[in-house]
Amino acid sequence: MQATYLTIILAPLVAAALAGLAGRLIGRIGAHTVTILGVGLSCVLSVGVLKGFVDGTATPFNGPLYTWLVTDGVHMQIGLLVDQLTAMMMVVVTFVSLMVHIYTIGYMHEDPGYQRFFSYISLFTFSMLMLVMSNNFLQLFFGWEAVGLVSYLLIGFWYTRPTAIFANMKAFLVNRVGDFGFLLGIAVLFHFTGTLDYAEVFAKADYIAGQSVQFVSGETWNAMTVACILLFVGAMGKSAQVPLHVWLPDSMEGPTPISALIHAATMVTAGIFMVARMSPLFELSTTALSFVIVIGATTALFMGFLGLVNNDIKRVVAYSTLSQLGYMTVALGASAYAAGVFHLMTHAFFKALLFLAAGSVIMAMHHEQDMRNMGGLRKYLPITYWTCLLGSLALIGFPGFSGFFSKDALIEAVHLAAEKGQVAGAGYAYFCVLAGVFITALYSFRLVFMTFHGQERMDEHTREHLHESPWVVTVPLVLLAIPSVVIGWFTVGPMVFGHWFGGSLHVAEAHDVLGELSGEFHGPGSFVVHAFSGPAVYLALAGVATAWFLFLKRPDLPAALRVKLSGLVRVLENKYYFDWFNEHVLAAGAKAIGRIFWKGGDEMLIDGALVNGSARTVGWLSGVARHLQSGLVSHYAFAMIIGLSALVAYTLLHG
Amino acid sequence: MIPTSLADFAIAAPEVTLLGVACVVLLLDLFIGESRRGWTFLATLLGLALTAFVTLYCAPADRTVALGGLYVADAVATVIKFAAIATMAVVLLYSRDYLSARGLLQGEYLVLALFVLLGVMVMASASSLLSMYMGIEIMALSAYGLVAFDRENPIAAESAMKYFVLGAIASGTLLYGISILYGVTGSFDLNAVQAGLEREVFFGGRHIGLLFGLAFIIVGVAFKFGAVPFHMWVPDVYHGAPTSVTLMLGSVPKLASFALAWRVLAEGLGPLSHEWHDMLVVLSVLSMVIGNIVAISQTNLKRMLAYSTISHVGFILLGILTANAEGYTAALYYTLTYVIMAAASFGMILLLSRQGFEADRIEDFKGLAQRSPWFAWMMLMVMMSTAGVPPFVGFFAKLYVIQAVLNAGMVWLALVAVLASVVGAYYYLRIVKVMFFDAPAERAPALGGSPAFRMVLSANSLAVLGLGVVNGPLIALCQQVIPH
């Protein structure tokens, strides 16, 4: 089995190395062939692994591959943990990645950086697999940083655009804040356990929960709360939770396949995965769970609002991603880890689909992204339209679609958690996720109606050239549409209400909301019927109806509303002033402090006195010593004799 | 004392094989025409493969001493011999194009190279001061010949002359030290010497002659290592010799130097470790500081690498001077990895050189990244590793040595080592800067090198990365062979 796992990880790495280092040698076709073969191999093997778990023939694997370093008694190992949670993530990552690889052939067709692009996305797949298959914090951190690096490289893929460079710098900096918390969280755990191995840390979880940390004298904190909140700060950076969400909308500067793969389906869900993986720790701190649920709920609702005022087709989908990540986080905070991870999976399929569909539209429109210049594209792009419609229905949670099962289970779980009052903020979260359903439906169908229906608002030249995308683009759309529609039917039972995840997720007895709900679950069919007795479905339908009314029936209304609610719209268009605050207070303040240290500390003291001073000294010494090498044998022999005499003298005097 | 039967010679089977190979090559070369020199070369490589096989095959399970106490076979010897054979094979492979372009690919060259190797192997197995001295001389005399091999070249002849004169002084010093030691302990046999010294030390006697002899022996050892202040020959010889010879001198004999220090200082003179410890501290600090500082102002890459070697020798001595198993392990690891890095960096010069052009100035590497990105990256890895940047193997070599020094409680020495390597990073990174950020010289032609050369050089450079990422097995091997 170990060989299989290794192949899954290494195949994309090898492919990335080939496409990246020998890109010019193997050419465009060679580059995409080798990377698709690599990722395809990983995908097939991952499906095999998942099948093993489904059939019950496989058992979780947890073992080291090799010891990288031993220092001070700490074993830094490279190891694998493959259980049900990992297997699911592996399939999602490799499948979406494979689809995106194929799609890229069409999307990046004319780009001069073709091979580089393929190399990066294969490298990303490798990094993501390292992240999810790790059995220790060190390797997790490696994967965490590696996906961040590739994300940085890909946001700035078109490195001649200043906006792209600004966006990737922003993503990098914001993620540093999150990663700093993450690293501190790992350090707290390491401080109390002395190990980096998951299993060993989990075994000592009760001990950590009994310890306390003192920051300011008299102010003690539970160690587990501190560790979990810090870890979650890392997740907030990577999974773009308020207030560390600011980088994700800007990351849309990258090519669309990347938005689908990294900034929607996989990398941004790493935070969700990490918290689920750490469930044995989070379960021991209700304070941390409370923090998680409040942050998640705020993200889920307030980022959804932003989707309503944006006109860039990709940014609307990006805000929708933020909002959905908030949903997953809420589930984690309610201890419904299985529901959160389940939503992660369904979201990966339909959100990748929506992004790729948006990319298909952008291609057809010659890289026009403003929805105000679209409309009526349905008849020009039939396949894109239908797949996008299916994806949107899944996103809003239309009964029977995959998103319905995950979102409804999630909302039910939060509802129960709020009723039980198991964590503070669950009531607020329930309100946010419910209201979010309406908002989601509203902005999703605003996108569908503005893009595919109504008046054709593009210019004449663009209209003449409108045509459906080539098969390499439409086939991934169709292949992603299939799981987006149907996967909920046969996975909701075992994954959310069954015991499929086994020991990979841990829920405390008192928090087991999904366990309590499972008594009421009688198959997916009755689940759909049951949903009609709750408010979520009606809210979603109301959202669609409102979108229809505002954007198709009375397209003059939105403009009037804008004028009426101009104050609110301004807040939304400025994205709640987060960017303003970051740029004018945080960045400007840091720059001012930096300037003081730069001018005073660095230029004068360190550079002037220490660095240049010591460099001059070394340079001078070097020049002097060089002259000792005269080239004359007699001098050399003399030096030897002097050396010998010194040694003899030393021993005689000393001894 | 005198070996009684032929079976006693089984312990020296690798050396006997190598000697046989050398003779066959010498004879073969006589009967082969000038145009078919490739066959001699091939025979040499095959002979090396055979010797490597015999070395591994005949390696005894336990430490064995035979031939009347002249010869020892143990795990350390096997490791050093095997590494030396492999390095020599790689060195010859790198040298081939260079030699044939200059008309130096003659049978004698190969035979001399084999004799250098023979000397190294004898030193690795010497368990008596006599056999050790014999090994040193076999190696040194062949090396003098090799440095002067390009007869037409006056610089080469001059540096060979210097090498010879200084080498003779060092040999004399060493021999004088050995004779004093013999006078005190009454034996050449290192085991007997050790036992004798233990008695001396036990009875509290600090024989003044003994310390005298020790100082002389240290001079001999330091000269072989090229430690400051017995290093003056190194830059001149490295610079003057044909690059293929520099490559050989920069790699294989370092293994012999370690063997010399291990057999004589650690094993034979172990009881005097307190005395030689202090001497080595001085030599090591001087080597690290002077080697790194002087390297900065060099414009010739071979000279720069010569000073770099001197600084690395400081690190190897750092491991040895702790006089405990951890330090010896680190020193052996350092030596093995250093040889790999040295082979790659000199190999790179050979790759860039061509007929009538030596490529040994730093500016010859300008813009290599544009001419050959692949080899520029390879050179980058080698330089990073030599500078001691993780995750390359050179980092771990330094780490283990410094760790050993720290565990021995010498914090200031560790600090000196770290500061010296910071200074050293400058000139390694300068090469990287020149390769990647400077424009190539006009009319810089494409890189030469046979496919085999390019492949082995790439593998050699990648090993620097690979052994760093997977550093466990090699250090485990070193721990295993050094007795605790």
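Okay, so let's go over this structure. The shown structure was predicted, so the numbers you read here are calculated from the model rather than taken from an experiment. (Residues numbered from 1 in each chain as written. Chains lettered and ligands numbered in written order. Predicted model: local features only at pLDDT ≥ 70, side-chain atom pairs only at ≥ 80, totals over all residues. Heavy atoms only, no water.)

## Some words on the side chain of Asp250(A)
No. 1: Locating Asp250(A) in the fold gives a position in helix α10 (residues 247-250).
No. 2: Judged by its relative accessible area of 10%, Asp250(A) is buried. (Helix = DSSP H or I, 4+ residues; strand = E, 2+ residues; numbered from the N terminus. Buried < 20%, exposed > 50% of the residue type's maximum accessible area, 1.4 Å probe, protein only.)

## So, the pattern of salt bridges
Opposite charge on two side chains permits pairing when their charged atoms draw close.
Residues and elements named next belong to chain B.
No. 1: Counting across every chain of the model gives 29 salt bridges over all chains.
No. 2: Linking arginine 263 and aspartate 74 is a salt bridge whose minimum nitrogen-to-oxygen distance equals 2.9 Å. With arginine 263 in helix α10 (residues 243-268) and aspartate 74 in the loop between β2 (71-73) and α3 (75-101), the pair connects residues that are 189 residues apart, well separated along the chain.
No. 3: On the basis of relative accessibility, which here comes to 1%, the residue arginine 263 falls in the buried class.
No. 4: Here aspartate 360 ties to lysine 302 by a salt bridge, and the two come within 4.0 Å at their closest N and O atoms. Placement of aspartate 360 in the loop between α13 (325-352) and α14 (368-371) and of lysine 302 in helix α12 (residues 301-321) is noted, with a sequence separation of 58 residues between them. (Salt bridge = Lys/Arg side-chain N within 4 Å of Asp/Glu carboxyl O.)

## A closer look at the packing of helix α18 (residues 402-420) of chain A against helix α19 (residues 426-452) of chain A
Residues and elements named next belong to chain A.
No. 1: One can describe the packing of α18 onto α19 by two numbers: an axis separation of 8 Å at closest approach and a directional angle of 155°. With respect to their mutual orientation, α18 and α19 come out roughly antiparallel. In this structure, α18 meets α19 at a crossing whose hand is left-handed. Residues Lys407, Ile411, Val414, His415, Ala417 and Ala418 of α18 lie in contact with α19, whose contacting residues are Ala426, Gly427, Ala429, Tyr430, Val433, Leu434, Val437 and Thr440. (Axes fitted to C-alpha atoms, helices over the stretch in contact; angles between N-to-C directions. Parallel < 35°, antiparallel > 145°, perpendicular 65-115°, else oblique. Left-handed = near helix turned anticlockwise from the far one by under 90°. Contact = heavy atoms within 4.5 Å.)

## So, the packing of aromatic side chains
No. 1: In this structure the tally under the stated criterion is 46 aromatic pairs over all chains.
No. 2: Between the aromatic rings of Trp144(A) and Phe182(A), the centroid separation amounts to 4.4 Å while the plane-to-plane angle is 25°, which identifies the pairing as stacked. With Trp144(A) in helix α5 (residues 137-155) and Phe182(A) in helix α6 (residues 162-193), this pair connects stretches of sequence that are 38 residues apart.
No. 3: The interplanar angle of 75° and the centroid separation of 6.0 Å between the aromatic rings of Tyr238(B) and Phe346(B) together place this pair among those described as edge-to-face. (Phe/Tyr/Trp six-rings, centres within 6.5 Å; stacked < 30°, edge-to-face > 60°.)

## A look at unusual backbone geometry
No. 1: Look at the link from Val242(A) to Pro243(A): it is a cis peptide, with omega at 0°.
No. 2: The phi dihedral of Lys575(A) falls on the positive side, at around 55°, and the residue is not glycine.
No. 3: By secondary structure assignment, the location of Lys575(A) is in the loop between α26 (566-573) and α27 (578-628).
No. 4: On the accessibility criterion, Lys575(A) (24% relative accessible area) is partly exposed.
No. 5: In this model, Ala323(B) sits at a positive phi of 55°, which is unusual for a non-glycine residue.
No. 6: Tracing the chain through its elements places Ala323(B) in the loop between α12 and α13.
No. 7: For Ala323(B), a relative accessible area of 29% gives the class partly exposed.

## Structural notes on the interface of chain B and chain A
No. 1: Taken residue by residue, the interface counts 37 residues in chain B and 27 residues in chain A.
No. 2: Carbon and sulfur atoms supply 75% of the area that chain B and chain A bury against each other, a total of about 2,900 Å² over both sides.
No. 3: Remark: the boundary between chain B and chain A carries 0 salt bridges.
No. 4: Within the residue set of the side of chain B that touches chain A, elements represented by two or more residues are α6 (154-185), α8 (208-225), α9 (233-240), α11 (273-296), α12 and α16 (393-407) of chain B. (Buried area = accessible area lost by both parts, 1.4 Å probe.)

## Here we look at a nonpolar patch on the surface
All names here are of chain A.
No. 1: Taken together, the side chains of Ile383, Trp471, Val475, Val478, Leu479, Ile482, Val486, Trp489 and Phe490 present a nonpolar region at the surface, about 830 Å² in accessible area.
No. 2: In terms of residues, the nonpolar patch owes the most to one element, helix α21 (residues 471-497), which gives 8 residues.
No. 3: Along the chain, the position of isoleucine 482 falls in helix α21.
No. 4: When its relative accessible area of 46% is taken as the criterion, isoleucine 482 is described as partly exposed. (Patch = residues over 30% accessible without salt bridge, like charges linked within 9 Å, V, L, I, M, F, W, Y side chains within 5 Å. Areas by Shrake-Rupley, 256 points an atom, 1.4 Å probe, with all protein chains shown as cover.)

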